[in-house]
Amino acid sequence: MTYQARRAGQTEQTLCRLDEIPDRGGLGLTLDAADGPRELFLVRAGDAVYGYVNSCPHVGTPLDWVPNQFIDPSGGFIMCATHGARFRIEDGHCVAGPCRGARLTVVPISVRDGAVHLAAG
């Protein structure tokens, strides 16, 4: 999916509905920003949604080889499909793999009234 970037003065932008993201699943998005497309992804854990730039801190590759598949088979971690690095869902901290100790780049997200928003950052 592609979404237009926020206009000046806007504080947030609706990205999707909460129910479009499976629990313990992900959704990849392309944000159409002024400086070009920005790839990001959302992951859901219950009613909480976390957003990250879709780029592994190890070599910069997208985390998903198959669209929208960002979570490891256990359902407990974000996984880089290139090297198998594992990241905590709630903060993007790498706990296993070649970039252990690094973090995914956070995208500010809010959830309100069943919708997921790109919050002012």
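Residues numbered from 1 in each chain as written. Predicted model: local features only at pLDDT ≥ 70, side-chain atom pairs only at ≥ 80, totals over all residues. Heavy atoms only, no water.

S.K.: Before we go on, may I ask you to explain the overall build of the protein in this structure?
M.R.: In terms of regular secondary structure, the protein is built from 0 helices and 11 strands. For the protein, the sequential pattern of α-helices and β-strands runs β-β-β-β-β-β-β-β-β-β-β. Across the 121 residues in the protein, those meeting the buried criterion constitute 40%. Taking the intrachain contacts of the protein between residues at least 6 apart in sequence as the baseline, contacts between residues at least 24 apart amount to 45%. Surface exposure of the protein reaches about 6300 Å², of which carbon and sulfur atoms provide 50%. (Helix = DSSP H or I, 4+ residues; strand = E, 2+ residues; numbered from the N terminus. Buried < 20%, exposed > 50% of the residue type's maximum accessible area, 1.4 Å probe, protein only. Contact = heavy atoms within 4.5 Å. Areas by Shrake-Rupley, 256 points an atom, 1.4 Å probe, with all protein chains shown as cover.)

S.K.: Got a minute to help me understand the sheet that holds strand E10 (residues 109–112) in this structure?
M.R.: Backbone-to-backbone hydrogen bonds join strands into a sheet, with any given pair of strands oriented parallel or antiparallel. Spatially, 3 strands are ordered E2-E11-E10 in an open sheet, and the strand pairing comes out antiparallel. A single partner strand is all that each edge strand has here, and the edge strands are strand E2 (12–17) and E10. Strand after strand, the sheet turns through a mean of 35 degrees between neighbouring axes, direction not considered. By the bridge criterion, 4 bridges tie E10 to strand E11 (residues 115–119) in an arrangement that is antiparallel. Bridge pairing in E11 places Arg 112 opposite Ala 115. (Pairing = 2+ DSSP bridges. Axes fitted to C-alpha atoms, helices over the stretch in contact; angles between N-to-C directions.)

S.K.: Looking at this structure, I do not really get the sheet that holds strand E8 (residues 94–96). What am I missing?
M.R.: Spatially, 3 strands are ordered E6-E7-E8 in an open sheet, and the strand pairing comes out antiparallel. Every interior strand has two partners, whereas the edge strands, strand E6 (77–79) and E8, have only one. This sheet shows a mean twist of 40 degrees between the axes of neighbouring strands, independent of strand direction. Bridge count between E6 and strand E7 (residues 86–88): 3 bridges; the pairing is antiparallel.

S.K.: Teacher, can you tell me more about the environment of Val 107 here?
M.R.: With respect to the helices, strands and loops of the structure, Val 107 is situated in strand E9 (residues 106–107). C-alpha separation for the pair Val 107 and Tyr 50, spaced 57 residues apart in sequence, amounts to 7.7 Å. Once residues lying within four places of it in the same chain are set aside, the contact partners of Val 107 are Arg 38, Leu 40, Gly 51, Tyr 52, Val 53 and Leu 118.

S.K.: What is the right way to look at the packing of aromatic side chains in this model?
M.R.: Note on aromatic pairs: each is described by the distance of the centres and the angle between the planes. According to the stated counting rule, one finds 2 aromatic pairs in the structure shown. Each ring, one from Phe 41 and one from Tyr 52, has its centre 5.7 Å from the other, and the planes form 40 degrees; the classification is tilted. Taken as a pair, Phe 41 in strand E4 (residues 36–45) and Tyr 52 in strand E5 (residues 48–53) lie far apart in primary sequence, 11 residues in all. Take Tyr 52: its relative accessible area is 1%, and that puts it in the buried class. Taking the centre distance of 4.3 Å and the plane angle of 5 degrees together, the rings of Phe 41 and Phe 70 count as stacked. Placement of the pair is Phe 41 in strand E4 and Phe 70 in the loop between E5 and E6, with a sequence separation of 29 residues. Comparing Phe 41 with Phe 70, the two get one shared label, buried. (Phe/Tyr/Trp six-rings, centres within 6.5 Å; stacked < 30°, edge-to-face > 60°.)

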